[in-house]
Each structure stands twice: as structure tokens, then as C-alpha cells.
Amino acid sequence: MTIETAALETTPHRARRRRRLLNWIVAIVLAYVVIGFVRGPMVAQDYLARLDAGDEVSNVSTTTVPMIPPLWMVSITGRITQPNGTYYDAHLVLWIEPVTGYVMEVAAG
């Protein structure tokens, strides 16, 4: 077997291996994006509801932005109505890891 023959035989195998690696990378990135956009706002809403336990949370809106993987920044705004009828608007900026549900509160107002 000559060097040229050996090089020709291994080239398709390398190309197949690179394509398979590229497919895995694309699948991981897509999974990160889907999980972040689907689960990020849900985790933020649960965090807001848990933070104001016993109060009614309404008019909730979220904005989700990718951060440094695996974190997502979720800005959440909602009206908190207390049992005595008074209410206030809450605004939180959270960094969320959507797979585990870990939340870091960055800003609140």
C-alpha cells in the first residue's frame, strides 16, 4: 500500500467523522436555544410567584435573552396584589440556568 492509497482510503472516514461532530454541535446548540426560550420564562414566573407567596401575581410579561452559556437573562414584570387589596408593580432581572432551574436575582425594582 502506498502513501497516496492510504490517504485516499482515510479521507472519507475523516469527512464522515467531522460531519458527525458538526451534527452533534448543532444539536447541542439548538437544544440550548429551545430549552432556554421555553423553560426560562417558566422558571422566572415560578420564582416571582414563590417570592411573593400568598399574593396574587397578574399581568406578567417576560423578555428572554441568551447570556453566557448556560445562563439566560430573563426580565420579568408583574403586578403583585396583596390580600388587603393594595398592589404594586414588580420588575426583576434574573439570570437563569433553565435545565436545573437555578436563579440568580441581578436587579429588582
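These figures come from a predicted structure and were not determined experimentally. (Residues numbered from 1 in each chain as written. Predicted model: local features only at pLDDT ≥ 70, side-chain atom pairs only at ≥ 80, totals over all residues. Heavy atoms only, no water.)

### A look at the overall build of the protein chain
On a plain count of helices and strands, the protein chain comes out with 1 helix and 4 strands. Tracing the protein chain from N to C terminus, the helices and strands come up as α-β-β-β-β. Per-residue burial over the protein chain gives 22% buried out of 109 residues. The long-range fraction of contacts in the protein chain, counting pairs at least 24 apart against all pairs at least 6 apart in sequence, stands at 41%. Entry remark: accessible area of the protein chain is about 7600 Å², with carbon and sulfur atoms responsible for 64%. (Helix = DSSP H or I, 4+ residues; strand = E, 2+ residues; numbered from the N terminus. Buried < 20%, exposed > 50% of the residue type's maximum accessible area, 1.4 Å probe, protein only. Contact = heavy atoms within 4.5 Å. Areas by Shrake-Rupley, 256 points an atom, 1.4 Å probe, with all protein chains shown as cover.)

### With respect to the sheet that holds strand β2 (residues 72–81)
Taken together, the 4 strands give an open sheet; going across it, the order is β1-β2-β3-β4, and neighbouring strands pair in antiparallel fashion. The sheet terminates laterally at β1 (56–66) and β4 (102–108), the two strands that pair on one side only. Between one strand and the next, the sheet's axes are offset by a mean angle of 25°, whatever the strand orientation. One ladder, built from 6 bridges, connects strand β3 (residues 87–97) with β4; its direction is antiparallel. Along β4, the bridge assignment pairs L94 with E105. (Pairing = 2+ DSSP bridges. Axes fitted to C-alpha atoms, helices over the stretch in contact; angles between N-to-C directions.)

### Some thoughts on a positive patch on the surface
A cluster of basic residues, R14, R16, R17, R18, R19 and R20, forms a positive patch on the protein surface. One can find R14 in helix α1 (residues 3–51). (Patch = residues over 30% accessible without salt bridge, like charges linked within 9 Å, V, L, I, M, F, W, Y side chains within 5 Å. Salt bridge = Lys/Arg side-chain N within 4 Å of Asp/Glu carboxyl O. Lys, Arg positive; Asp, Glu negative; His and termini not counted. Charge placed at Lys NZ, Arg CZ, Asp CG, Glu CD.)

### Digging into the pattern of salt bridges
In total, this model carries 1 salt bridge according to the counting rule given. The shortest N-O distance in the salt bridge between R79 and D89 comes to 3.1 Å. Taken together, the residues R79 in strand β2 and D89 in strand β3 connect sequence positions 10 residues apart. According to the relative accessible area criterion, R79 is partly exposed, its value standing at 27%.

### Topic: the pairing of β2
In the sheet, β1 pairs with β2 via 9 bridges, with the strands oriented antiparallel. Paired with T62 across the two strands is I76, which belongs to β2. Where β1 hands over to β2, the hairpin turn is made up of 5 residues, counted between the paired strands. As defined by bridge partners, β2 adjoins β3 across 10 bridges and the pair is classed as antiparallel.

### Some remarks on the side chain of S75
For S75, the position within the fold is in strand β2. Here S75 is in contact with S61, T62, T63, H91, L92 and V93, once residues within four sequence places are set aside.

### Observations concerning the nonpolar core
Counting 12 residues, the largest nonpolar core consists of V43, A44, Y47, L48, V74, I76, I80, A90, L92, L94, I96 and V103. Of all the secondary structure elements, the ones that give two or more residues to this core are α1, β2 and β3. (Core = buried A, V, L, I, M, F, W, Y, C linked by side-chain atoms within 4.5 Å.)

### Considering the environment of T77
In this structure, T77 sits in strand β2. On the accessibility criterion, T77 (29% relative accessible area) is partly exposed. Taking the C-alpha atoms as reference points, T77 and A108, separated by 31 residues in sequence, lie 9.9 Å from one another. At a separation of 2.8 Å, a polar atom in the side chain of T77 contacts the side chain of H91. (Polar contact = N/O pair within 3.5 Å; in protein donor to acceptor, adjacent residues only side chain to side chain.)

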